[in-house]
Amino acid sequence: MSGLSFMLALGASGGVGALCRWGVDVTWLKLEKRHPAGGIALVNVAACLLGGVLIAAVVGGNLEANSRLYTLVATGFLGGFSTFSTFVLDIFSVTERGNWRRAWGALLLVWALSLLAAAAGLALGSFWF
């Protein structure tokens, strides 16, 4: 695959990740009206889980960290799928409504779940690879 072909594939991979993020968020918003930021939070936690699996594949010797496949999945798909900036804006919108306790609770909960998801991904990946 040439350099230009790889760049196009990387862009497409990021686009697929972004479309998946949008799908999860839209589905969440249809199902859960009280916690609109939950879809993006779920996406970020899932991305940490998948990132943990990916790192386990690298540590286990089944995937090279400098390979094009790793770049397509980690930088492309997971980069397009996860979004810290949107999550922070969602949290900020909660603070603008004066609900600081809820904002801090959501922020800490998602960070904790993200760390646990990454650890679970490493454990799952270590088992698989």
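Structure report, in brief. Keep in mind the model is a prediction, meaning the values are calculated, not measured.

Before going further, it helps to spend a moment on helix α4 (residues 84–96). Spanning 13 residues, α4 covers 18 Å between terminal C-alpha atoms, matching the ideal 18 Å at 1.5 Å per step. Within α4, the full set of buried residues consists of F87, I91, V94 and T95. Projected onto a plane normal to the axis of α4, the buried residues spread over an arc of 100° and lie on a single side. Away from its buried face, by an angle of more than 90 degrees, α4 presents the exposed residues S85, L89 and E96. Those residues of α4 that are buried are in contact with α2 (38–59) and α5 (100–128). Within two residues after α4, G98 carries a phi angle of roughly 85°, on the positive side.

Following the criterion strictly, the structure yields one aromatic pair and no others. Note on F77 and F81: the rings are 5.5 Å apart at their centroids and 15° apart in plane angle, and the pair reads as stacked. With a gap of four residues between them, F77 and F81 both fall in helix α3 (residues 68–81), about one helical turn apart. F77 gets classed as partly exposed once you look at its relative accessible area, which sits at 21%. Stacked on the ring of F6, the Lys or Arg R68 has its end atom at 4.7 Å from the ring centre.

Next up on the list: the environment of S114. Residue placement: S114 occurs in helix α5. Each C-alpha atom, one on S114 and one on G15, is 22 Å from the other, the two residues being 99 residues apart in sequence. When neighbours within four sequence positions are excluded, S114 is seen to be in contact with N44, V45 and C48.

Analysis parameters
Residues numbered from 1 in each chain as written. Predicted model: local features only at pLDDT ≥ 70, side-chain atom pairs only at ≥ 80, totals over all residues. Heavy atoms only, no water. Helix = DSSP H or I, 4+ residues; strand = E, 2+ residues; numbered from the N terminus. Expected span 1.5 Å × (residues − 1). Buried < 20%, exposed > 50% of the residue type's maximum accessible area, 1.4 Å probe, protein only. Arc of directions from axis to C-beta. Contact = heavy atoms within 4.5 Å. Phe/Tyr/Trp six-rings, centres within 6.5 Å; stacked < 30°, edge-to-face > 60°. Lys NZ or Arg CZ within 6 Å of the ring centre and 35° of its normal.

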